[in-house]
Structure formats: C-alpha cells, structure tokens
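# Overview (structure and organization)
Residues per chain are reported as follows:
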Amino acid sequence: SALIEALQNSALHRSVKPPVLSCFGDIALAIGAGYEPYLQVSLMMLLQAAQTRAPEDDDDLIDYVNMLREGILEAYTGIIQGLKDGNRTDLVLPYIDAIMGFLEMLASDRKNDYDNEVLGKAVGLVGDIGSSLGGQIKEQIRQPYVMELLKEGHATGDATIMDTCNWASSVVQQILTC
C-alpha cells in the first residue's frame, strides 16, 4: 500500500514514479503466485499510468513519459514472469487486452520518438506474454502492431534488442502455427 500511496501523492516528484511502478514487477517476481492479492490494484495503477502522453514539442515531458513507459513495461514483465513461476498466469488473462492495448499504443507512438529502451522492453513483454500464455492469446498476438514492434526492434541495429526480437519472434511463430 505504500507504493500505491506514493503513486497517488501529487507532491511526490514525478521522477520517482517510474521506479515505483517497476517495483510492482520486482515484488511479483519475488513472491510469484503470492502476488495475487496485489494484482488487481497494481494493474489498475499501471493501466492508469499507461494513459500518460506527451506533446510532441515538450522534450522534458517526452523523456518523462519514456521513463514512465519503461517502468510500466518492467512491471508488466515482472508480474507476468512472477505469475508464470507461480503457475498462475491465468490471473492475468482478464487484463491481457488492456496490456496488449498499451503495446498497440506504443507501436502507434513510435513516430513520436520513444527511445529504444522502451522498444526493447516492449518486445520483451511480447515474448513474455506469448511464452506465458501461449495459444490463449493467439488472437491478440496475430494483430499487426505485434509484428510492427518486432520489425522495428530488428531495424534498430542494437544487438540486445535484436536478440530479444529473435526470441520474441520465435515465441510468436510458435503460437501462430499451433
């Protein structure tokens, strides 16, 4: 509850919020299926934070939104991996459309100059979602924005992002061919 209070505190400097969001994923990784009591409220906070946008002419706000997005992606990844380790990925299914909607928004915002860190984490999340939920999310995985994120990741030329894309692409292909 201290993390939720920190996020709701308007006096807290905005630079603190991205790492606070990321903590949700760290906690989920640490306690696995024990994260269930915190899942709904933390996902609601992440979904709310995911709505934050920056005007194209405000570089400071663009940087902040990129940091926020990185924290959100790290949290989603940690939550999904933690629930997978605890054999409770079923708990995330009711939220998967909203999480995928966030990825779709990132794909459409790429032209607004989010950085490669965001892209790399987004591609990693695609792979984690696919490897955790498999055929249960076949319809979501076959959406054009998923392939667009993977294509953009490959195009970065960044070896780490390209490795993540190769892995995520193989996960997506396994789902689509089943």
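See the structure printed just above.
Now for a look at the structure at hand. (Residues numbered from 1 in each chain as written. Predicted model: local features only at pLDDT ≥ 70, side-chain atom pairs only at ≥ 80, totals over all residues. Heavy atoms only, no water.)

## Some remarks on the overall build of the protein
In terms of helices and strands, the protein carries nine helices and zero strands. Secondary structure of the protein in N-to-C order comes out as α-α-α-α-α-α-α-α-α. In terms of overall dimensions, the protein has a C-alpha envelope of 50 × 40 × 25 Å along the principal axes. Of all 178 residues assigned to the protein, the portion counted as buried reaches 47%. Taking contacts inside the protein between residues at least 6 apart in sequence as the whole, the part at least 24 apart equals 71%. Working note: accessible area of the protein is about 8,600 Å², and carbon and sulfur atoms make up 50% of it. Averaged over its 12 positive side-chain charges, the protein has a centre that lies 6 Å from the centre of its 25 negative ones. (Helix = DSSP H or I, 4+ residues; strand = E, 2+ residues; numbered from the N terminus. Buried < 20%, exposed > 50% of the residue type's maximum accessible area, 1.4 Å probe, protein only. Contact = heavy atoms within 4.5 Å. Areas by Shrake-Rupley, 256 points an atom, 1.4 Å probe, with all protein chains shown as cover. Lys, Arg positive; Asp, Glu negative; His and termini not counted. Charge placed at Lys NZ, Arg CZ, Asp CG, Glu CD.)

## Things to note about the pattern of salt bridges
Close approach of charged atoms allows side chains of opposite charge to pair. Summed over the entire model, instances satisfying the criterion amount to six salt bridges. Several salt bridges converge on common partners, so that one network encompasses Glu36, Arg88 and Asp90. (Salt bridge = Lys/Arg side-chain N within 4 Å of Asp/Glu carboxyl O.)

## Some details on a negative patch on the surface
On the surface, Glu56, Asp57, Asp59, Asp60 and Asp63 cluster together into a negatively charged patch. With respect to the helices, strands and loops of the structure, Glu56 is situated in the loop between helix H3 (36-49) and helix H4 (59-85). Residue Glu56 is classed as exposed on the basis of its relative accessible area of 65%. (Patch = residues over 30% accessible without salt bridge, like charges linked within 9 Å, V, L, I, M, F, W, Y side chains within 5 Å.)

Keep in mind that these numbers describe shape and distance, not what the molecule does.
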